[in-house]
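Here is what each chain is made of, one letter per residue.
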Amino acid sequence: MLSRAPKGTSDILPSQIDYWYYAENIIKEVLQSYGYREIRTPAFEHTELFVRGIGETSDIVNKEMFTFQDRKGRSLTLRPEGTAPVVRAYLEHNLSRENPLSKLFYLGNMFRCEKPQAGRYRQFNQFGLEAIGSPSALVDTEIILASWAIYQKLGLTNLSLMINSVGCRECRPEYLEALKDYFHDKKKLLCPDCRERYDKNPLRILDCKNKQCQIEIKNSPSIFDYLCKDCDRHFQQLRKYLDSLQIAYQVNPLLVRGLDYYTKTAFEIISGELGAQNAVGGGGRYDYLVEELGGKHTPAVGFAAGMERMISTMEKQEIKIPFWEGIKVFVATVAQEDISAALKIINHIRENGVSAEMDFLDKSLKAQMRLANKLDVSHTVIVGQEELKEQKVILKNMADGQQEKVAISQILRYLQPKKKG
Ligand code: HAM
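Reading the values: rules and limits
Residues numbered from 1 in each chain as written. Predicted model: local features only at pLDDT ≥ 70, side-chain atom pairs only at ≥ 80, totals over all residues. Heavy atoms only, no water. Helix = DSSP H or I, 4+ residues; strand = E, 2+ residues; numbered from the N terminus. Rg over C-alpha atoms; globule rule 2.2 N^0.38 Å. Buried < 20%, exposed > 50% of the residue type's maximum accessible area, 1.4 Å probe, protein only. Contact = heavy atoms within 4.5 Å. Areas by Shrake-Rupley, 256 points an atom, 1.4 Å probe, with all protein chains shown as cover. Disulfide = S-S within 2.5 Å. Near = heavy atom within 4 Å. Polar contact = N/O pair within 3.5 Å; in protein donor to acceptor, adjacent residues only side chain to side chain. Phe/Tyr/Trp six-rings, centres within 6.5 Å; stacked < 30°, edge-to-face > 60°. Lys NZ or Arg CZ within 6 Å of the ring centre and 35° of its normal. Pairing = 2+ DSSP bridges. Axes fitted to C-alpha atoms, helices over the stretch in contact; angles between N-to-C directions. 1 Å grid on protein atoms, 1.4 Å probe; cavity = no way out; pocket = protein on both sides within 12 Å on 5 of 7 lines; lining within 4 Å. Points joined across faces, edges and corners; volume = space filled by probe spheres on them. Nonpolar A, V, L, I, M, F, W, Y, C, P; charged D, E, K, R; others polar. Patch = residues over 30% accessible without salt bridge, like charges linked within 9 Å, V, L, I, M, F, W, Y side chains within 5 Å. Salt bridge = Lys/Arg side-chain N within 4 Å of Asp/Glu carboxyl O. Lys, Arg positive; Asp, Glu negative; His and termini not counted. Charge placed at Lys NZ, Arg CZ, Asp CG, Glu CD.

## Brief notes about the overall build of the chain
Step number 1: Helix and strand counts for the chain stand at 15 helices and 16 strands.
Step number 2: Compactness check: the chain gives a C-alpha radius of gyration of 28 Å against a globular reference of 22 Å for 421 residues, more than 25% above the reference.
Step number 3: Oriented by its inertia axes, the alpha-carbon framework of the chain measures out at about 95 × 55 × 45 Å.
Step number 4: The buried share of the chain, reckoned over its 421 residues, is 49%.
Step number 5: For the chain, the share of sequence-separated contacts (at least 6 apart) that also reach a separation of at least 24 residues comes to 69%.
Step number 6: In the structure as shown, the chain presents an accessible area of about 22,500 Å², 49% of it carried by carbon and sulfur atoms.

## Some remarks on the state of the cysteines
The bond known as a disulfide is covalent and runs between the sulfur atoms of two cysteines.
Step number 1: Counted according to the given criterion, the structure contains 0 disulfides.
Step number 2: Looking at the unpaired Cys 228, the closest cysteine sulfur is the one in Cys 231, lying at 3.6 Å.

## A few points about the site of the ligand
Step number 1: Around the ligand, the structure places 28 residues, and the nearest of them are Glu 81, Glu 114, Tyr 121, Glu 130 and Tyr 262.
Step number 2: Between the ligand and the protein, one listed contact pairs a nitrogen atom with a backbone N or O atom of Tyr 121 at 2.8 Å.
Step number 3: Within the side chain of Glu 130, one N or O atom sits 2.8 Å away from a nitrogen atom of the ligand.
Step number 4: Every element with two or more residues in the shell around the ligand is listed here: strand S6 (123-132), strand S10 (279-285) and strand S11 (300-306).
Step number 5: For the shell around the ligand, the element with the most residues is S10, which contributes 6 residues.

## Some details on the packing of aromatic side chains
Aromatic rings in a pair are described by how distant their centres are and how their planes are angled relative to each other.
Step number 1: Per the counting criterion, the structure on display carries 10 aromatic pairs.
Step number 2: Their ring planes at 75° and their centres at 6.0 Å tell us that Phe 44 and Phe 68 sit as a pair that is edge-to-face. Taken together, the residues span a long stretch of sequence, with Phe 44 in strand S2 (residues 44-46) and Phe 68 in strand S3 (residues 67-69) at a distance of 24 residues.
Step number 3: The class for Phe 68 is partly exposed, based on a relative accessible area of 34%.
Step number 4: Every member of this aromatic cluster is reached through a ring pair, and the members are Phe 127, Tyr 151, Phe 267 and Phe 303.
Step number 5: Directly above the ring of Tyr 198 sits Lys 180, whose terminal nitrogen or CZ lies 5.5 Å from the centroid.

## What about the sheet that holds strand S13 (residues 356-358)?
Step number 1: The 5 strands are arranged S13-S12-S14-S15-S16 in an open sheet whose pairing can be described as mixed. Either end of the sheet is taken by a strand with one partner, and the two such strands are S13 and strand S16 (403-407). If you compare each strand with its neighbour and ignore which way they point, the axes differ by 30° on average.
Step number 2: Here strand S14 (residues 379-383) pairs with strand S15 (residues 392-397) via 4 bridges, running antiparallel. What sits directly across from Thr 380, in S15, is Lys 396.
Step number 3: Its contacts with the sheet put helix H12 (residues 339-351) on strand S12 (329-333), S13, S14 and S15, and the angle it makes with S13 is roughly 160°.
Step number 4: Against the sheet, helix H13 (residues 365-375) engages S12, S13, S14 and S15, with an angle of about 175° to S12.

## Details of the layout of surface pockets
Step number 1: By volume, the second largest pocket is sized at about 530 Å³.
Step number 2: Every residue lining the second largest pocket is counted, 27 residues in all, and those nearest its centre are Arg 172, Asp 260, Tyr 261, Tyr 262 and Glu 292.
Step number 3: Secondary structure elements with two or more residues in the lining of the second largest pocket: helix H2 (47-54), helix H6 (172-184) and helix H10 (289-292).
Step number 4: The leading source of residues in the lining of the second largest pocket is H2, at 4 residues.
Step number 5: Tallied by class, residues from the lining of the second largest pocket come to 13 nonpolar, 5 polar and 9 charged.

## So, a positive patch on the surface
Step number 1: A cluster of like positive charges, contributed by Lys 363, Lys 366, Arg 370 and Lys 374, occupies part of the molecular surface.
Step number 2: By secondary structure assignment, the location of Lys 366 is in helix H13.

## With respect to the sheet that holds S3
Step number 1: Reading across from one edge, S2-S4-S3 is the order of the 3 strands in this open sheet, with antiparallel pairing throughout. Single-partner strands in this sheet number two, and they are S2 and S3. With strand direction ignored, the average angle separating the axes of adjacent strands in the sheet is 35°.
Step number 2: Of the strand pairs in this sheet, S3 and strand S4 (residues 75-78) are connected by 3 bridges, and their pairing is antiparallel. What sits directly across from Gln 69, in S4, is Ser 75.
Step number 3: Across the sheet, H2 is in contact with S2, S3 and S4; its angle to S2 comes to roughly 80°.

## Some remarks on the pattern of salt bridges
Step number 1: Throughout the structure, instances matching the rule amount to 22 salt bridges.
Step number 2: Salt-bridge contacts for Lys 392 lead to Glu 390; the nearest nitrogen and oxygen are separated by 4.0 Å.
Step number 3: One network of salt bridges, in which partners are shared, links Asp 140, Asp 230, Arg 233, Lys 264, Arg 285 and Asp 287.

Here you go:
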């Protein structure tokens, strides 16, 4: 089907693009005010980066990567997420040399071969931010705060913040054992995915959406009974900072996230407008990822959000945004021989920052005027031989239909809004 985009992908049409510009501008503005600088990494990376980074037991690596071989047989993968690539770039360019805490953000396409449904696509856009280099819960707080500030500035409501701790290398193994003990006799009752998770990564059973699994999960051991002192202190500190900022949150011990690199803090921002795929964004701490990818021990934390889900929430909540104002001026020609002069005039208008359009389909003057009406321009400049002899054109004010002869050198005075004061 050559006239259909591949399954799970979509076009962003001119009628929707203003939402994207608006959201992207706010994201950049807010993140730069928090001291984050943009980084742009490639759309594909060596497959091994994601296998090592996201984890072999994750759904992403197991089932969802778009992986292909280049002509020399090296395995490459379209990026399913931005954190591992950012850490790769951080190491490759030795960014810690510039600053012990690297604060980076990104906007871009991600690719996951998931079963498409509302809010879940195979090519989607994320914005994300990563702070690499500090173990402090203050940075977790800042990441949450910056993400929250973006949603607030966009005017989104009906959002909630869920936080959890998933422990660390010290305390998680004991918790995983406790989960295995607990689910051992219940294994038969779990869905096939969870039975597999039982062996590979029992933590992931906790966020299974299957109804029967949820019944079994209800009385499972809580991570909070297993956190080591350091993880517990970190989590209490995060809560203290959020409380002091009066940021409302819910502690959800079942929030475990789908990527294996998380340690300590895990969090998600949920929208009440989105149905099943209700996470507008998620993130957490990943203290071992830098060393997993070949660097020295460097604690880090980050967040990423789905732009499509965010924009669909904006549309549902009818958030007012500044739409493109359309073309301001139409330059019409009386006859073929006026086109060169018209080209010069339209260039002059556009160079001065006023949007202008002309006819490209050899239309009669009458048809050009109809087009100008349809474009809803404020003025039409009519270029004709007679007026050109005096270096003039006819300027028609489309609001009141008034026409007057105007010197070409003076056109802009009529087209630009009068400066105040
Ligand atoms: P993630 O939870 O996999 O985390 O994705 C973050 C957000 O991307 C989700 O909450 C959702 O809004 C959006 N998203 C994910 N998959 C899809 C999809 N198939 N279609 C549409 N939207 C989707 C990460 O990607 C981590 N890298 C976040 C992070 C950054 N953790 C630390 N730093």
